[in-house]
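# Notes for the structure review
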Amino acid sequence: MKITLLAIGKTNSKELINLIKSLEKRLPSFIKFERKELPDIKNAKNLSENELKNAEADLIISQLEPNDVVYLLDEKGVEYTSMEFSLLMDQHMNNSVKHLVFCIGGAWGFSQKMYSLNPHKIALSKMTFTHQMVRLFFVEQLYRAFSILQGKPYHNE
């Protein structure tokens, strides 16, 4: 199974990048993981909120394949415990899902165009985080999920 994290914009913090890369290296070899940072929309300041969200949606959609299983990291999504998230990953592997794509939208969130794809939605928390921090938190939870599935001592429960 391949897992892709699509995010609008780049991470500016070297510290965050180093932490993310450290966790990515620890992901199990049987899971192919890719983090794609899509460019910010040009002239975003001249666009309305809705125009910007639609332009970001077009950019994300251009990266998707018809059989991809898509999740939006969205404040309106389902909250999982780490254990429940690991079981979700296990379920996708058992169902022979080839490609999971997790999407982080821009500062204004996702457009109706993205929601019309009928994606799954996951909320990492009810709290609001920067889009750069969400990348780190997601990769950490992904690493934690596979550590749980492999019975490694990273997760205490």
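All of these numbers come straight from a predicted model, not from anything done at the bench.

Helix and strand counts for the protein stand at 5 helices and 5 strands. The N-to-C order of helical and strand elements in the protein reads β-α-β-α-β-α-β-α-β-α. For 157 residues, the compact-globule formula gives about 15 Å, and the C-alpha radius of gyration of the protein, at 15 Å, lands near that figure. Looking at the protein as a whole, 43% of its 157 residues qualify as buried. Intrachain contacts of the protein at a sequence separation of at least 6 include 85% that bridge at least 24 residues. Surface accessibility of the protein: about 9,100 Å² in total, with carbon and sulfur atoms responsible for 50%.

As a further point, take the pairing of strand E1 (residues 2-8). Extensive coverage of E1 is indicated by the burial of 6 of its 7 residues. Relative to strand E2 (residues 32-38), E1 runs parallel, the two sharing 7 bridges. Residue Ile3 lies in a different strand from E2, and its bridge partner there is Phe33. Note that the unit made of E1, helix H1 (residues 14-26) and E2 has a crossover that is right-handed. Where E1 and strand E4 (residues 99-104) come together, 6 bridges link them in parallel fashion. From the neighbouring strand, Lys2 faces E4, where its bridge partner is His99.

Once that is clear, we can look at the environment of Lys98. Considering the arrangement of structural elements, one finds Lys98 in the loop between helix H3 (82-94) and E4. Counting along the chain gives 96 residues from Lys98 to Lys2, while the straight-line C-alpha distance between them is 6.1 Å. Discounting chain neighbours no more than four positions away, the residues touching Lys98 are Met1 and Lys2.

Counted according to the given criterion, the structure contains 6 aromatic pairs. Relative to Phe102, the ring of Tyr71 lies with its centre 5.0 Å away and its plane at 15°, an arrangement referred to as stacked. One end of the pair, Tyr71, is in strand E3 (residues 69-78); the other, Phe102, is in strand E4, and 31 residues separate them in sequence. Neither residue differs from the other here; Tyr71 and Phe102 are each classed as buried. Considering the side-chain rings of Phe85 and Phe102, the 6.3 Å spacing of their centres and the 65° angle between planes classify their relative orientation as edge-to-face. With Phe85 in helix H3 and Phe102 in strand E4, this residue pair connects regions lying 17 residues apart in the sequence. Judged on exposure class, the residue Phe85 and its partner Phe102 are both buried. Members of the aromatic cluster, joined through ring pairs, are Tyr71, Phe85, Phe102 and Phe138. The ring centre of Tyr143 lies 5.1 Å from the NZ or CZ of Arg26, which sits over that ring.

A few words on the environment of Phe110. Summarising the element assignment, Phe110 is placed in the loop between E4 and helix H4 (112-115). You can call Phe110 buried: its relative accessible area is 7%. Phe110 has contacts with Lys53, Ile60, Leu72, Leu73, Asp74, Cys103, Ile104, Gly105 and Tyr115, leaving out every residue within four places of it along the chain.

Conventions we followed
- Residues numbered from 1 in each chain as written.
- Predicted model: local features only at pLDDT ≥ 70, side-chain atom pairs only at ≥ 80, totals over all residues.
- Heavy atoms only, no water.
- Helix = DSSP H or I, 4+ residues; strand = E, 2+ residues; numbered from the N terminus.
- Rg over C-alpha atoms; globule rule 2.2 N^0.38 Å.
- Buried < 20%, exposed > 50% of the residue type's maximum accessible area, 1.4 Å probe, protein only.
- Contact = heavy atoms within 4.5 Å.
- Areas by Shrake-Rupley, 256 points an atom, 1.4 Å probe, with all protein chains shown as cover.
- Pairing = 2+ DSSP bridges.
- Right-handed = clockwise from strand over helix to strand, strands pointing away.
- Phe/Tyr/Trp six-rings, centres within 6.5 Å; stacked < 30°, edge-to-face > 60°.
- Lys NZ or Arg CZ within 6 Å of the ring centre and 35° of its normal.

This is a description of form; function is not addressed.
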